[in-house]
Amino acid sequence: MAKVLKVIEVLAESSESYEDAIRNAVESTSKSVRHVRSAYVNEQSVTVKDGKVDKFRVNVKLTFEVDV
């Protein structure tokens, strides 16, 4: 039997690091989407405030298994 997988894009941020932003994306998505299987970081960016990095932002593609 084949598995049905779906991919969604999630934007997340953190004031600490890219790794923390990725963790935020996965953990917050997992609250409403079951069976998250993998994450692919599509883009990384930062916001700057007063000449310093303020927020780390990521655009993540999350793959999850769909119940059929």
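Reading the values: rules and limits
The numbering scheme is per chain: residues are counted from 1 as the chain's sequence reads. In view of the model being predicted, local features appear only for residues whose pLDDT reaches at least 70, and side-chain atom pairs are presented and counted only at 80 or more, with totals across whole chains, interfaces and linings using the full set of residues. Only hydrogens and water are removed before side-chain values are computed, so all heavy atoms of the structure are retained for them. Working definition: helices are DSSP H or I runs of at least four residues, strands are E runs of at least two. Numbering for both runs from the N terminus. Here a polar contact is recorded for every N or O atom pair within 3.5 Å, except that within protein the pair must consist of a potential hydrogen donor and a potential acceptor, and residues adjacent in sequence are included only if both atoms are side-chain atoms. Note on aromatic contacts: the rings of Phe and Tyr and the six-membered ring of Trp form a pair at centre separations within 6.5 Å, being stacked when their planes are under 30 degrees apart, edge-to-face when over 60 apart, and tilted otherwise. Here's how the labels work: a residue is buried when its accessible area is under 20% of the maximum for its type, exposed when over 50%, partly exposed in between, all with a 1.4 Å probe on protein chains only. Here, expected helix span is obtained from the residue count minus one, scaled by 1.5 Å. Summarising the geometry, the arc corresponds to the directions from the helix axis toward the C-beta atoms.

1. Observations regarding the side chain of Ser 14
Along the chain, Ser 14 falls in strand 1 (residues 4-14). Reaching out from Ser 14, the side chain makes a polar contact with the side chain of Asp 20 at a distance of 2.7 Å.

2. Brief notes about the packing of aromatic side chains
Considering all chains together, one arrives at one aromatic pair under this definition. On the numbers, 5.1 Å between centres and 75° between planes, the contact of Tyr 18 with Phe 56 is edge-to-face. Here Tyr 18, found in helix 1 (residues 18-30), pairs with Phe 56, found in strand 3 (residues 52-66); they are 38 residues apart in sequence, far enough to count as distant. Given a relative accessible area of 24%, Tyr 18 falls into the partly exposed group. A relative accessible area of 18% places Phe 56 in the buried class.

3. What about helix 1?
The terminal C-alpha atoms of helix 1, which comprises 13 residues, lie 18 Å apart, in line with the 18 Å expected from a rise of 1.5 Å per residue. Along helix 1, the residues that are buried comprise Ala 21, Ala 25 and Thr 29. An end-on view of helix 1 places all buried positions within 55° of arc, on one side of the element. Residue Ser 17 occupies the N-cap position of helix 1, its side-chain oxygen lying 3.5 Å from the main-chain nitrogen of Glu 19.

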